[in-house]
Amino acid sequence: MASEDEGPKVRPPENVNITVLRARNLRGSKGDNLNSLVRVEYNNQSLGESPKVESTAEYAAEYNYNARFECTFDDPLTLDEIAYKPVMVTVIEVLPKEKKQKEEKTLLLGQSTVDLLPLLRGENRYKSTLVVHPLPGSPLETAPPDQAKPSITFQVELDVVVFVNEPLLSEEQLKEVNLLTVSVETLYSPPEAWNPTGAPFIYNVTLPVPITADRETTVVATNGIIKAGTDKDLPSRQKKWCVPGNAQGGAIYIPDSFVPTTNFDEEDGDFTSKEDREFRNEAEMEKTRVTWNIERRCFMDPAAVQSFQNKIAQTRVWPVEIMRTPVPTATKGKGKSGSASAREDETPIFYHGVAYVNLAPLLYPGVKKIRGAYKVMAFSDHEVFEKIPWAERWEHWQEYATKRKGGLAEEAIRVATAMNRNASPFAKGGKAPKEEKGGKEKEKDAAKKVQPSSMLKPTSDAGSETDVTPPQNLEGMQYVEAKSYLMLEITLQRPLVPKRPPEVLAKRVAELIPPRPLFARRTNGAERAVEDFHSQVASVGNLVLEEFRSLFADQLIQGDLPSGSEPSDERRRKLLYELNTSGKYFAFKEQLKHSVVKIVREKYLKTTTFTDKEELHTFLSELNVFLIDQMHVGLGKVLSLEDETPVPPPLTDSAQLKHFAREAEVNENFEVASKYYQERIARNRNDGDHWFDYGTFCMLINDISKAEECFKETVSINQSHVNGLLLYGIVCAMEERNSVAETFFEMATNVEPNCTLAWTLLGLFYDGIENDIQAEFAFLEANKRNVANAAAKVKSAMPEETEKENVVEGGDAEPEREKVVKTPATPSESGKSHRSGKDKPGSVASAHKKKLSVSSKSDSLHSLLQMDKAPDGGTRKQSAQSNRPTSQPAEGSQQGTPFEEEIPPREPTPVPETSIFMIAVDFLLEVKAMNFCERALAHELLSPTGGPSAAYYVALARLKLQKKELEEANDNLQEALVLNHQDPDAWAITGHLRYLEGDIGEAKSCYERTLSFVADAREMHSIYLRLASIYLQENKFEDAKNTFLLACKKSPSCVSWLGVGIACYRLGELGEAEDALSEANILNNTDSEVWGYLSLVCLKTNRQLEAEQAYKYALKVGLQDEGLLGEIHEIQEAVGFGNPQF
């Protein structure tokens, strides 16, 4: 008993019920009246047949037949089979008995497949209306000749209900399991030896997929169809069942499942660069290909999901093998038991290749699908073990590793042979039919001996064999020579790494930094009621005062308003009379009424009527005293004997203050810069940008704690402030609070999903914590946004040119059309017209191809529209059933269709001007985030599209200047000038470097060279100021004046106007000097030098009072320039005034 309790409890089997309700529009061999039955099959086993039922054109065939099979839960393969094996329903006509006929004859009419996938998604009952696909020779292949409305597509429909008593998976299991879907589409550009018209072969694709922690299932796509380049596919290619069983015709296709069409930019595999597009267009339009279009679904339990995720994280790539085998030939005679399985093991394998599919994108947050073209390599055991070390632990590798054919090839052949024999590939206990070896056994053995793709077996025991270099897979190398690639799509029902939804991130950010209300919180209760009464009293008092002023306006203007008690009483009576007669008195009472009611309710808590009159009178007396007292308090707050002078509005706005602060930063006057930043915040504390700019300044002076508080304020004011979120994340990352930093970086990407900067910084963060897969994902997203932004920029910049080109092309297309349409194109020519890439130079048919593609574009569109129309002009429904007519071949291909010329050429991908890392570098240099900036520069240096460019060295020099590493900055600037001698930024920063080193002459030379370039440097203002200051030191006052005026013209500031004033003063232009110094004083009235030079100007112009005032203000604001003070004192002594101490 104890041993039984220790084992895990296995759920008892569950019956899966399939109820076939009815069939409509049935037609038999004798007409609409027929007897029919349905046969239900699953997993190549018959579940039963229904009794025969009569039906006519008006009445459907009511079967109401129920079939069932057991779903066991002790083996995970059972649920896996439900995922990819359909239930097949065959409609059979029962023919009437003829004379002397013992048994009734039957005729197969059509088949339908029922998808059981909803059962694995938690559903316990669902109904489907399926199309019955006619079988060859069935009366359903043609529509009835007497159909009244030809516009209605004739199709037979079958109603089926699938149900279980209890869901196969509970809600908890649904959250843990996953469903992997592998779609094998097409092999393009196969080896040249593959000939569609040659001997037939079987083309297989296989890969292992874990279904539990220690078990794998072999996914096999078999029976690939080789097609010539002229054999074109339909625009909508429908996917096939991986194991269709006995299905034929249209029943082998999965309803409502089609191969998607994506751009090269959206793919995840190989051959996605611009250089590969011409080759891909040629391979997909003109070359031979092998098509599968097979979908295989794999059920994965929680342990398998974890195992799958761990293996991807360990090696990233997943092997997908491809091979070609000969078609097995039937042999006659009897032989030993098990000879069939022996023949399966002896099946030769040719052209054994492998594609290493990068599954790392499936570990990106929220990613559920990858699709792309993956190049095929020659298969080698050693290479597989080297790239995928844990492959040796695979179940089938252990079984077949000692055989000559490596990998999963043997298992794939067994599964493919089983499917071709209409047997379950995982059926247990089945015996193969007994056959003897025929006369072709020797031929098979000979083929096996000479197969080129055979690989040397890996040594299992040390020292058992000498180390021998394995022979090359010569046939497999032909994949590499032909640049073969396999189109694959792998989809998950749920992402392996879930992405946090925006609402969760927003909630988390709000928890870390609570949002600040834009307005002060309103106080309720008695205090608020009294404050409202004060405000209403002030409002009414102002209105009464206005009435008084309007009533006695003449006397107030003339100033002869009489004083005394009698005139005051007279004016009061006049005012009261005017207020009563005009009705304003009652209006003022109503205005005060609401605030008085609030005081009664909130302060005195009186909300009901008084029953005692004495109590009422007592309360009114008390209330009256309180209201009069509060009236005086309210009036005292707003009324005074003298009118207050209004505060003038500031003369500088927020942008100017920021400019002044940045100017002070460049001059390393951090105290003044801090004052400007704080003044911006004092003017408007609810502007997040003000706090953000102050935070970046604190980053520059290395005050990280204060910077963090500023960024907190930024985010609290605006929870969607992207730069604030990014900078707070950077600060948290610097303090190693990685979980908090990740939240803010992710929030920034959710606030602006198309922000290249946000994705790049997220990738740099993941790179810093060594999360390579997440970093790779973030950088890919950033590159996509960067390319999209470049495309949008190109489209917005050239609208007129595009319209002109369209007009020219439209004008040229018409005469070409007249020439080409007269000559019908052959199938080979029409196939060649598919090439959408560039024509090869020197090609004879290139000009004709261009004409054909241009001229037939409108005709193809017209023919497409005609095909999409029903005979009466109505639009035909595009569904899984209607766009695959039964008269077409099952492969879904046709030659010479109008679809050949409908494919438009792909637009070229625009090249961004700046890489994602340089975008991040520019931002990080502006916000002084040096650690992340170094990381971004390292990525730019190693990036395939980056490298040591002039812009890279300039950015690195700017970083070194911020870190005060002048020697390294100088080396970087020299490298930048070697790469681009005309880079204005490089020369400007070189000038700053020389200026900081004290080399004034070299700095002036660099600044002058910068101004001589056509393009401006990044920051011209600092260049103007420093160059002009050098001119002042060299007594070149005219040059200094002109240079300072250039700075004033572009971005005026106190420093620039002060420079103009000094230059004009030295030139003796005292009037212009005074004007310039006045402008400087307006922008900043606390600059001591401005007051000092104003004092000099006033002394020179003999204005004693103004000279003394300017001198006193200069001393008051702290003039420390000894040279300027000495000059002022000399002139004061010379003129005899200007100093109050005289």
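The written sequence of each chain sets the order in which its residues are numbered from 1. For this predicted model, a pLDDT threshold of at least 70 governs which residues receive local features, and a threshold of 80 or more governs which side-chain atom pairs are given and counted, while totals over whole chains, interfaces and linings are taken from all residues. Note that the side-chain values use all heavy atoms of the structure and ignore hydrogens as well as water.

1. Side note on the overall build of the chain
Point 1. Broken down by element type, the chain carries 41 helices and 23 strands.
Point 2. Summary of the burial criterion: residues with accessible area below 20% of their type's maximum are buried, those above 50% are exposed, and those between are partly exposed, where the area comes from a 1.4 Å probe applied to protein chains only. In the chain, which comprises 1142 residues, the proportion classed as buried is 46%.
Point 3. For the chain, long-range pairs separated by at least 24 residues make up 71% of all intrachain contacts whose partners lie at least 6 apart in sequence.
Point 4. Reported accessibility uses the Shrake-Rupley method at a 1.4 Å probe radius. Residues are deemed covered only where the shown protein chains occlude them. Summing over all exposed atoms, the chain offers an accessible surface of approximately 59,200 Å²; the carbon and sulfur share of this is 51%. Secondary structure counts use DSSP, requiring at least four H or I residues in a row for a helix and at least two E residues in a row for a strand, with both numbered from the N terminus. It only takes one pair of heavy atoms within 4.5 Å for two residues to be counted as in contact.

2. Side note on the side chain of E321
Point 1. Within the element layout of this structure, E321 appears in strand β18 (residues 317-326).
Point 2. By relative accessible area, E321 is classed as buried at 4%.
Point 3. Side-chain atoms alone can form a polar contact between residues adjacent in sequence; in general such a contact is a pair of N or O atoms within 3.5 Å, and within protein one must be able to donate a hydrogen while the other accepts it. At a separation of 2.8 Å, a polar atom in the side chain of E321 contacts the side chain of H352.

3. Re the sheet that holds strand β21 (residues 377-378)
Point 1. Here, a strand pair is defined by DSSP locating no fewer than two bridges between the strands. Pairing is antiparallel across the open sheet formed by five strands, whose spatial order is β12-β11-β18-β19-β21. Each of the sheet's edge strands pairs with one partner strand only, and the pair in question is β12 (216-221) and β21.
Point 2. With two bridges connecting them, strand β19 (residues 350-358) and β21 associate as antiparallel partners. When the bridges of β21 are listed, G353 appears paired with A378.

4. Looking at the pattern of salt bridges
Point 1. The rule for a salt bridge is simple: a side-chain nitrogen of Lys or Arg has to be within 4 Å of a carboxyl oxygen of Asp or Glu. Scanning the model with the defined rule gives 56 salt bridges in all.
Point 2. In this structure, K85 and E81 form a salt bridge, with 3.6 Å as the shortest nitrogen-oxygen distance. Across the pair, exposure class does not vary: K85 and E81 are buried alike.
Point 3. For E997, the salt bridge goes to R994, with nearest N and O atoms at 3.5 Å. In this pair, E997 and R994 both sit in helix α33 (residues 984-997), three residues apart, roughly one turn of the helix.
Point 4. In this structure E997 comes out as partly exposed when scored by relative accessible area, which is 43%.
Point 5. Classification of R994 by relative accessible area gives buried; the value is 13%.
Point 6. Several salt bridges share partner residues, and in doing so they unite D115, E185, K239, E295, R297, R371 and E489 into one network.

5. Comments concerning the pairing of β12
Point 1. Taken across its six residues, β12 has six buried, putting it largely inside the fold.
Point 2. Here β12 shows two buried faces, one formed by E216, T218 and V220 and the other by T217, V219 and A221.
Point 3. In this sheet, β12 lies alongside strand β11 (residues 201-210) in antiparallel orientation, the contact comprising six bridges. Counterpart to T206 in the pairing with β12 is V220.

6. Quick look at the packing of aromatic side chains
Point 1. Centres within 6.5 Å make a pair out of two Phe, Tyr or Trp rings, where for Trp the six-membered ring is used; the pair is then stacked when the planes are under 30 degrees apart, edge-to-face when over 60, and tilted otherwise. With the rule as written, the count across this model stands at 28 aromatic pairs.
Point 2. Where Y42 meets F69, the ring centres are 4.2 Å apart and the plane angle is 15°; that geometry is what we call stacked. Of this pair, Y42 sits in strand β2 (residues 34-42) while F69 sits in strand β5 (residues 61-71), placing them 27 residues apart in sequence. Like Y42, the residue F69 is buried in the burial classification.
Point 3. Between F308 and W318, the aromatic rings sit 5.2 Å apart at their centres with planes inclined by 70°, giving edge-to-face as the arrangement. Of the two residues, F308 is situated in helix α5 (residues 302-315) and W318 in strand β18; the sequence distance between them amounts to 10 residues. No difference in accessibility class separates F308 from W318, as the two residues are buried.
Point 4. In this analysis the charged atom, NZ for Lys or CZ for Arg, is taken to sit over a ring once it is within 6 Å of the ring centre and within 35 degrees of the ring normal. Lying across the ring of Y84, R296 places its NZ or CZ 3.5 Å from the centre.
Point 5. Taking NZ or CZ as reference, R1009 lies 4.2 Å from the ring centre of W987, over its face.

7. Description of the environment of Y953
Point 1. With respect to the element layout, Y953 can be found in helix α31 (residues 950-962).
Point 2. Assessed through its relative accessible area of 15%, Y953 is described here as buried.
Point 3. Setting aside residues up to four positions removed in sequence, Y953 forms contacts with P948, N972, E975, A976 and L979.

8. Quick notes on unusual backbone geometry
Point 1. Within the chain, N44 stands out as a residue other than glycine whose phi angle is a positive 60°.
Point 2. According to the relative accessible area criterion, N44 is partly exposed, its value standing at 27%.
Point 3. Phi is positive for D256, close to 55°, though the residue is something other than glycine.
Point 4. By secondary structure assignment, the location of D256 is in strand β16 (residues 253-258).
Point 5. By relative accessible area, D256 is classed as exposed at 56%.

9. Some words on the state of the cysteines
Point 1. Sulfur atoms of two cysteines make up a disulfide when they are within 2.5 Å. Within the structure shown, the criterion is met by zero disulfides.
Point 2. With no disulfide partner, C242 has as its closest neighbouring cysteine sulfur the one in C298, 8.2 Å distant.

10. With respect to the packing of helix α30 (residues 930-942) against α31
Point 1. Only the stretch in contact is used when fitting a helix axis, every axis being a line fitted to C-alpha atoms; angles between N-to-C directions are given from 0 to 180 degrees. Relative orientation of the contacting elements α30 and α31 amounts to 160°, with a least axis distance of 11 Å. When the axis of α30 is compared with that of α31, the two are roughly antiparallel. For the pair α30 and α31, the crossing hand works out as left-handed. Taken together, the residues of α31 that come into contact with α30 (itself represented by M930, C933, E934, L937, E940 and L941) are Y952, A955, L956, L959 and Q962.
Point 2. Each residue is assigned to one class: nonpolar for Ala, Val, Leu, Ile, Met, Phe, Trp, Tyr, Cys and Pro, charged for Asp, Glu, Lys and Arg, and polar for all the others, Gly among them. Considering only residue class, the contact of α30 with α31 consists of eight nonpolar, one polar and two charged. An angle counts as roughly parallel when it lies under 35 degrees, as roughly antiparallel when it exceeds 145, as roughly perpendicular when it falls between 65 and 115, and as oblique in every other case. Should the near helix be turned anticlockwise from the far one by less than a right angle, the crossing is termed left-handed; should it be turned clockwise, right-handed.

11. Brief notes about helix α17 (residues 613-638)
Point 1. Helix span, as expected, comes to 1.5 Å for every residue beyond the first. For α17, which comprises 26 residues, the first-to-last C-alpha distance of 37 Å matches the rise-based estimate of 38 Å (1.5 Å per residue) to within 8%.
Point 2. Taken together, the buried positions of α17 are F619, L623, F626, L627, Q630 and G634.
Point 3. Residues of α17 that are buried sit in contact with α13 (526-551) and α16 (584-602).
Point 4. Between the side-chain oxygen of the N-cap and the backbone nitrogen of E614 there are 3.2 Å, and the N-cap of α17 in question is D612.

12. Thoughts on the environment of W318
Point 1. With a relative accessible area of 4%, W318 lands in the buried category.
Point 2. Expressed as a C-alpha distance, the spacing of W318 and Y356, which sit 38 residues apart in the sequence, is 5.4 Å.

13. Considerations on the confidence of the model for the chain
Point 1. The quantity called pLDDT is the predictor's confidence in a given residue, expressed from 0 to 100. The pLDDT averaged across the chain works out to 79; a share of 78% of its residues lies at or above 70.
Point 2. Residue range residues 423-467 is modelled with pLDDT below 50. Its contacts to residues more than four positions away, or to other chains, number 78 contacts.

14. Remarks on helix α22 (residues 722-734)
Point 1. For α22, spanning 13 residues, the distance from its first C-alpha to its last is 18 Å, which sits close to the expected 18 Å at 1.5 Å a residue.
Point 2. The buried count for α22 comes to 11 of 13 residues, which makes it a mostly enclosed element.
Point 3. Within α22, burial applies to V722, G724, L725, L726, L727, Y728, G729, I730, V731, C732 and A733.
Point 4. Looking one or two residues beyond α22, the residue adopting positive phi is E736, at roughly 65°.

15. With respect to the pairing of strand β15 (residues 238-241)
Point 1. Pairing geometry for β15 and β16, over two bridges, is antiparallel. Counted as the bridge partner of K240 is Y253 from β16.
Point 2. Relative to strand β17 (residues 289-300), β15 runs parallel, the two sharing two bridges. The residue bridging K240 from the neighbouring strand is I294, located in β17.

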